[in-house]
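Tertiary structure, described
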Amino acid sequence: MAEIAQIIVDVPTMQTNRPYTYQVPEQLEHQIQTGMRVVVPFGNGSRQVQGFVVGLDDQTAYDGELKSIISILDLNPVLNQELLTMSQWLADSCYAFRISCMHTMLPNVMKTKTHRRLKIIDELDETDLFELFHGQDEIDFEPENMPDEIVSRLLKLKRNQQIEVVYSLTDQAKSKFATGIKPLLSFERLEEERTSLRKTAKAQSELLSYLQSMIGSEIKLSEAREQTGLSNAIFSTGEKKGWLEKIQIETFRTPKALLNDAKKPIPELTADQQTAVDAICDSIQSTDPQTFLLQGVTGSGKTEVYLRSIAETLANNQTALMLVPEISLTPQMVTRVKSRFGDLVAVLHSGLSNGERYDEWRRIERGEAKVVVGARSAVFAPLENIGLIIMDEEHESSYKQDETPRYHARNVAKWRSDYYGATVVLGSATPSLESRARAQKGVYQHLLLPERINQQPLPAVQVVDMRQELRKHAESNFSTELLDEIQIRMSRGEQSILMLNRRGYSSFIMCRDCGFVLQCPNCDISLTLHMDTHTMKCHYCGHEEPIPKICPNCQSHKIRYYGTGTQKVQEELQAIIPDAKILRMDVDTTRRKGMHEKLLNSFGNQEADILIGTQMIAKGLDFPNVTLVGVLNGDTALGLPDFRSSERTFQLLTQVSGRAGRADKTGSVIVQTFNPDHYAIKLAQHHDYEHFFQMEMNIRHRGKYPPYFYTLQISVSHEEEAQAAKAIMNIAQFLKPNLDKNSIVLGPTPKSIARMNRKYYYQLVIKYKQDTRLHQLLTQMMDQIQKQSRHGVQISIDPEPQNFI
DNA sequence: AGCACGCCGACT
DNA sequence: GTCGGCGTGCTC
């Protein structure tokens, strides 16, 4: 019976977002399995694309002529049944193409590169042969890197059928292999070999004993050499004499940072921790997909609860997934998990090269790693039989991907939990309102860790009114209170951390004479000053240009810097306290690989008095000698037109407060702000999450925002503003009459950055409670509007967007 | 996406 | 009349 395969091809468009039917050629019959990658012909020409097999059958409803699969790229499926099923759900719920979802779930190296070559199939005249083909009979075809004139001459030859395009897909997913050895003979036969050796052949005799000791196993040659002290030549002799065989052993690139893991004693649990662990362990034992919200102040020992729960999961013969925000995936944190579970742990973080990431992925897929620690995309780790999924700092917005597929790791975690009957633990000191509200309603089980392990009080938070400060002296980023406190720490040999709330802030340049501000040519935004590279940069499209010395508008020389960047803050502070040793940590100083870690290490070794940084220093750091945390601008996020701005401010301030005085020294926190009376700041000052939750819930209720309503954002872009505007109006008209009467449409409006990368953006937000038709309506819309609208209109839907600006 | 087909203006 | 530009539609 003929085998027929259903294949999702790697062509991310609306029209091709469905399986295509292919014939399985005879020589590949019974070798193909669902979840494997294959190469198939696609389209009129001789084009070849990568595809994923999603179904196998012996018949098809399709009655056209079938093409055949060209080759298979994997020996084993790269997507198991669970992940295949999930890719469909993910595509539906994120309004994304299925192929994009599949790629998101896999390491980058699984994406093949397409190469096109031109091959001569008929005689060419001499000029063409030399000018175009340089005398060769095949050349690479890369129209984007070739002069137009050459391309058109080549295309002409192709039309005349003198040359043809040949395709090749290269799979980057290559495992690394090393030479290994394997004994070929039995113990007795090896013993016989030894007796026939001459007395002087000591090395060979040693090799024989070694081989005897490792019968039934294999080992890398390099390791064998190390263990025995024998040379390569001896092993080769052994091979020649038929004692051993040289084989290829797959090796895994082990990321360096993880090699040192000093065993730490396992701490005792507090009563609260024990209660939490017990509840979670009960759930791990059961097959109910239960979700817990573990709410505990900084220092209350959430991590230990996680580790105990993971241990229970492993004991129960299941696997565990632990998600952390990228920013807190620090060596300290990884070491802690590694030292508890050793080689069973795989770590997936952004610092890995594609190859390293693939190796870790393989270790998980082969079942060698049973605990996976990683950031957002680790939620797709190919673990089977998952018993526990932990999501630390569950309120972090980095769990939401801000490009398609726009998934939230929390939702994916829940899907997997339902699939396996696994337990989910959401941990945070300041849970998102959505999660906290669900705990309130009993959807999640609420676990509390109200006290710090060391019985230390939370640090005192002092709020400084910067409006008063401004009246007292000239404009400065530093209040007298903060400067005094910094100097006290320095005299005591203690350290300080200063945080600059970057959101909504940047340094730009403006002309004092005409008010001209340098703008990005591609985007509707001012360029940001970067002193380290001496350029003006656009944060949205990456455009870069030199800093102008005279105003491009009026030729005046009075061009000045405005705004507050970390660099400027550092310079200002250095001028005030000349003998302070200051480290700065921001995107500029940590771009180079490993710099992040290096900076933290040198601060940890007390090579500096003060660490200045943006949000990235607020999280996951644990320096016992830091007794002062200063927030330079506590409220810049408050001014943003986003209903989550209070929540973010509260979370951030609470989080930084936790950074002060974590060991035996008491710490203090200073928050400078222009809004000292704002409830988010006042309640953060008193570490009062519960009160904040109540107040914010009231506001959300009145404004019909999450968690009372769901939100969904539709955005449209086009190079011409009118086209983009027209498209969003069409969408609004299409949707409005069909929405539920309780649903609310905000907009359409231009986005706050109306132009990015030479495209104009318009958006529309829908708030809804229950709208049964909405999902189907939107799916239909993506299909219809895309067809109708003129070329170049791009539509994207973001369910539950995290940023409204 | 990327390819072929087809329709239209500019040219040997 | 033909070459080659780009708009349109399809891909098992």
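A quick note: this is a predicted structure, and the numbers were derived from the prediction, not measured.

**Some remarks on the overall build of chain A**
Secondary structure summary: chain A contains 23 helices and 34 strands in total. Rg of the C-alpha trace for chain A: 31 Å, near the compact-globule value of 28 Å for 805 residues, within the 12% margin. The C-alpha extent of chain A, read off along each of the three principal axes, is 90 × 75 × 60 Å. When each of the 805 residues of chain A is scored for burial, the buried share is 51%. In the structure as shown, chain A presents an accessible area of about 38300 Å², 48% of it carried by carbon and sulfur atoms. Mean positive and mean negative side-chain charge positions of chain A (92 and 99 charges, respectively) differ by 3 Å.

**Brief notes about the domain arrangement of chain A**
Looking at the assigned domains, one finds that chain A contains domain 1 (4-106), domain 2 (176-251), domain 3 (256-448), domain 4 (460-506 + 563-690) and domain 5 (710-799). Its C-alpha centre places domain 1 at a distance of 30 Å from the equivalent point of domain 5. The interface of domain 1 with domain 5 comprises five residues on the first partner and nine residues on the second. Applying the counting criterion to the domain 1 and domain 5 interface returns zero salt bridges. Scanning the region where domain 1 abuts domain 5 turns up one residue pair in polar contact (both at pLDDT 80 or more).

**Comments concerning the protein's contact with DNA strand C**
Close contacts around DNA strand C come from 15 residues, with Arg 18, Thr 21, Gly 43, Tyr 62 and Lys 67 the closest. Among the atoms of DNA strand C close to the protein, meaning within 4 Å, 45% are from sugar or phosphate groups. At 3.2 Å, a side-chain N or O of Arg 18 approaches a base nitrogen of DNA strand C. One nitrogen or oxygen atom from the side chain of Arg 159 is found 3.4 Å from a phosphate oxygen belonging to DNA strand C. Sorting the residues of the surface near DNA strand C by element identifies β2 (20-23) and α4 (148-159) as the ones contributing at least two each. No other element matches the three residues that β2 contributes to the surface near DNA strand C. In terms of residue class, the surface near DNA strand C is made up of six nonpolar, four polar and five charged.

**As for the side chain of Thr 430**
With respect to the helices and strands, Thr 430 occurs in the loop between β18 (423-428) and α14 (433-441). Residues within four places of Thr 430 in sequence aside, it is in contact with His 395, Phe 650, Gln 651, Thr 654 and Tyr 689.

**Focus on unusual backbone geometry**
A cis amide bond, omega -10°, links Thr 404 with the succeeding residue Pro 405. As for its position among the elements, Pro 405 is in the loop between β17 (386-392) and α13 (409-420). For the peptide bond that leads from Pro 706 to Pro 707, omega is 5°, which places it in the cis range. Phi is positive for His 687, close to 55°, though the residue is something other than glycine. As for its placement among the helices and strands, His 687 is situated in the loop between α20 (679-685) and α21 (689-703).

**Details of the pattern of salt bridges**
Between side chains of opposite charge, pairing is possible as soon as their charged atoms come close. Within the structure shown, the criterion is met by 29 salt bridges. As a salt-bridge pair, Glu 131 and Arg 153 come within 3.0 Å of each other at their nearest N and O atoms. With Glu 131 in helix α3 (residues 126-131) and Arg 153 in helix α4, this residue pair connects regions lying 22 residues apart in the sequence. Close ionic contact of Lys 682 with Asp 677 constitutes a salt bridge, the shortest N to O distance being 3.9 Å. Look at Lys 682 and you get partly exposed, because its relative accessible area is 38%. For Asp 677, a relative accessible area of 57% puts it in the exposed group.

**Quick notes on the protein's contact with DNA strand B**
As a matter of local geometry, DNA strand B sits amid Val 11, Thr 13, Asn 44, Gly 45, Arg 47, Arg 116, Lys 158 and Tyr 167. Of what DNA strand B places within 4 Å of the protein, 73% of the atoms are sugar or phosphate. Contacts to DNA strand B include Arg 47, whose side-chain N or O atom sits 3.0 Å from a base nitrogen. At 3.2 Å from a phosphate oxygen of DNA strand B is found a side-chain nitrogen or oxygen belonging to Lys 158.

**Observations regarding the sheet that holds strand β19 (residues 445-449)**
The strand order across the open sheet formed by seven strands is β15-β16-β14-β17-β18-β13-β19, and the pairing between neighbours is parallel. Either end of the sheet is taken by a strand with one partner, and the two such strands are β15 (345-348) and β19. Neighbour-to-neighbour, the strand axes of this sheet turn through a mean angle of 15°, independent of strand direction. With five bridges connecting them, strand β13 (residues 291-296) and β18 associate as parallel partners. Residue pairing for β18: Phe 292 is matched across the bridge by Val 425. Where α14 meets the sheet, its contacts fall on β13, β18 and β19, and the angle it forms with β13 comes to roughly 115°.

**Considerations on the pairing of β17**
Consecutive residues of a regular strand have side chains that alternate between opposite faces of the sheet. Taking burial as the measure, the seven residues of β17 include seven buried ones, the bulk of the element. Note: strand β14 (residues 319-323) against β17, five bridges, orientation parallel. Paired with Ala 320 across the two strands is Leu 388, which belongs to β17. Where β17 meets β18, five bridges bridge the pair, whose relative direction is parallel. Following the sheet pairing, Ile 389 is matched in β18 by Val 424. Between the parallel elements β17 and β18, the chain passes through α13 in a crossover that is right-handed.

**Structural notes on the environment of Glu 218**
Counting through the fold element by element, Glu 218 comes out in the loop between α6 (202-213) and β11 (219-220). Look at Glu 218 and you get partly exposed, because its relative accessible area is 47%. As a C-alpha pair, Glu 218 and Ser 496 span 278 residues in sequence and 53 Å in three-dimensional space. Excluding its chain neighbours within four sequence positions, the residues that come into contact with Glu 218 are Ile 181, Lys 182, Ile 247 and Ile 249.

**Here we look at the environment of Ser 602**
As for its placement among the helices and strands, Ser 602 is situated in helix α18 (residues 595-604). Given the relative accessible area of 14%, Ser 602 is considered buried. Note: C-alpha distance between Ser 602 and Lys 704 (102 residues apart in sequence) is 48 Å. Not counting residues up to four positions away in its chain, the partners in contact with Ser 602 are Leu 583, Glu 607 and Ala 608. Engagement of the side chain of Ser 602 in a polar contact is seen with the backbone oxygen of Leu 599, the distance being 3.2 Å.

**Thoughts on the UniProt feature "binding site: Zn(2+) 1" (unreviewed entry) in chain A**
Per the UniProt record, "binding site: Zn(2+) 1" (unreviewed entry) is found at Cys 511, Cys 514, Cys 551 and Cys 554. Across 44 residues of sequence, these annotated residues stay compact in space, with a maximum C-alpha separation of 8.6 Å. Mapping Cys 514 onto the fold places it in the loop between β22 (508-511) and β23 (528-530). Excluding residues within four positions of it along the chain, Cys 514 makes contact with Cys 551, Asn 553 and Cys 554. You can see Cys 551 is positioned in the loop between β25 (544-546) and β26 (559-562). Overall, the relative accessible area of 0% leaves Cys 551 in the buried class.

What counts and what doesn't
Residues numbered from 1 in each chain as written. Chains lettered and ligands numbered in written order. Predicted model: local features only at pLDDT ≥ 70, side-chain atom pairs only at ≥ 80, totals over all residues. Heavy atoms only, no water. Helix = DSSP H or I, 4+ residues; strand = E, 2+ residues; numbered from the N terminus. Rg over C-alpha atoms; globule rule 2.2 N^0.38 Å. Buried < 20%, exposed > 50% of the residue type's maximum accessible area, 1.4 Å probe, protein only. Areas by Shrake-Rupley, 256 points an atom, 1.4 Å probe, with all protein chains shown as cover. Lys, Arg positive; Asp, Glu negative; His and termini not counted. Charge placed at Lys NZ, Arg CZ, Asp CG, Glu CD. Domains from an automatic or database assignment. Contact = heavy atoms within 4.5 Å. Salt bridge = Lys/Arg side-chain N within 4 Å of Asp/Glu carboxyl O. Polar contact = N/O pair within 3.5 Å; in protein donor to acceptor, adjacent residues only side chain to side chain. Near = heavy atom within 4 Å. Nonpolar A, V, L, I, M, F, W, Y, C, P; charged D, E, K, R; others polar. Pairing = 2+ DSSP bridges. Axes fitted to C-alpha atoms, helices over the stretch in contact; angles between N-to-C directions. Right-handed = clockwise from strand over helix to strand, strands pointing away. UniProt positions renumbered as here; feature names shortened; annotations may be inferred.

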